[in-house]
Amino acid sequence: MSISIIAAIGQNRELGINNQLIWNIPSDLKFFRKITSGHTVIMGRKTFESIGKVLPKRRNIVITRNKNLQIEGVEIFNDINQALDFCKEDVFIIGGQMIYTQLIDIVDKLYLTEIEETCNADAYFPYFNKNNWNKKILSSNFENNIFYTHVLYTRK
Ligand SMILES: NC(=O)c1ccc[n+]([C@@H]2O[C@H](COP(=O)([O-])OP(=O)(O)OC[C@H]3O[C@@H](n4cnc5c(N)ncnc54)[C@H](OP(=O)(O)O)[C@@H]3O)[C@@H](O)[C@H]2O)c1
């Protein structure tokens with residue numbers, strides 16, 4: 001079982017604002033779909049609300065402290081480590097800030113979309129020391145006037 005984070009971040013590690021994504025990059029959403037399809041995705045309750053639907057062709061797991069929350073097509077866990085223990089397959093951690101921050105120290109891989117922009121944000125990707133990771137550039141791209149790079153970091 002491998003645990004990967006996937007996120008799109010600005011130059012200051014911006015992730016989102018007002019519980020929404022900051023940049024609209026359809027080809028990056030396509031990349032997200034390609035990488036995560038057929039796998040398990042784990043997300044915080046706020047990210048689930050931000051997406052607004054169950055992600056198709058994926059096992060959806062949502063983390064919340066709310067013991068009464070039920071969502072059709074979603075497995076709910078009140079404890080993030082219990083969710084990970086429960087999964088025997090490869091999983092993708094898809095956000096947001098709270099969830100990334102709690103898991104960055106234990107994940108094997110980071111699929112980061114590094115966007116060459118800055119913006120106001122209220123959710124940020126956690127700091128991580130790049131010296132501890134091997135970096136592989138998967139592709140460099142340009143869409144909607146935005147330059148961005150798909151990067152895969154694997155823990156050294
Ligand atoms: N750029 C990207 O790639 C990307 C990806 C994902 C999200 N985002 C952005 O990130 C922002 C959301 O991030 P966020 O940090 O506000 O929210 P979040 O991490 O998505 O969800 C936070 C919620 O998860 C639950 N939770 C977190 N840790 C828990 C734990 N240890 N045990 C039980 N429940 C736990 C709590 O839910 P309850 O309050 O229900 O208890 C908490 O309020 C949005 O702006 C979104 O658009 C960006």
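That block above? That's the structure.
Each chain has its residues counted from 1, following the order in which its sequence is written. Under the rules for a predicted model, residues below a pLDDT of 70 receive no local features and side-chain atom pairs below 80 are neither given nor counted, while totals for whole chains, interfaces and linings still include all residues.

Colleague: Help me understand the overall build of the chain in this model?
Modeller: Along the chain, the regular secondary structure elements total 4 helices and 11 strands. Both definitions apply: the radius of gyration is a C-alpha atom measure, and the globule rule equals 2.2 Å times residues to the power 0.38. In terms of C-alpha radius of gyration, the chain reaches 15 Å, essentially the compact-globule figure of 15 Å for 156 residues. If one aligns the C-alpha atoms of the chain with their principal axes, the spans along those axes are about 40 × 35 × 25 Å. With C-beta atoms placed from the backbone, a residue is labelled by how many other C-beta atoms lie within 10 Å of its own: buried for 20 or more, exposed for 12 or fewer, partly exposed between the two. The 156 residues of the chain split such that 29% are buried. Two residues qualify as being in contact provided that their C-beta atoms, derived from the backbone, are within 7 Å of each other. Sequence separation of at least 24 residues holds for 66% of the intrachain contacts in the chain that already meet a minimum separation of 6. Labels follow the DSSP assignment, with helices taken as runs of H or I lasting at least four residues and strands as runs of E lasting at least two, numbered in each case from the N terminus.

Colleague: Help me out: how do you make sense of the site of the ligand in this one?
Modeller: The environment of the ligand is formed by 28 residues, the closest being G16, G44, T47, G95 and G96. Of all the secondary structure elements, the ones that give two or more residues to the shell around the ligand are β1 (3-9), β2 (14-17), β3 (20-21), β4 (40-44), α2 (45-51) and α4 (97-103). Here is the check we use: build the C-beta atom from the backbone, and if it is within 6 Å of the molecule or strand, call the residue near.

Colleague: When you look at the pairing of β2 in this model, what are you seeing that I'm missing?
Modeller: By the convention used here, strands pair only if DSSP detects at least 2 bridges between them. Taken together, the 2 bridges between β2 and strand β9 (residues 123-124) define a ladder with antiparallel strand orientation. The residue bridging E14 from the neighbouring strand is Y124, located in β9. Bridge count between β2 and β3: 2 bridges; the pairing is antiparallel. Residue pairing across strands places G16 opposite L21, the latter belonging to β3.

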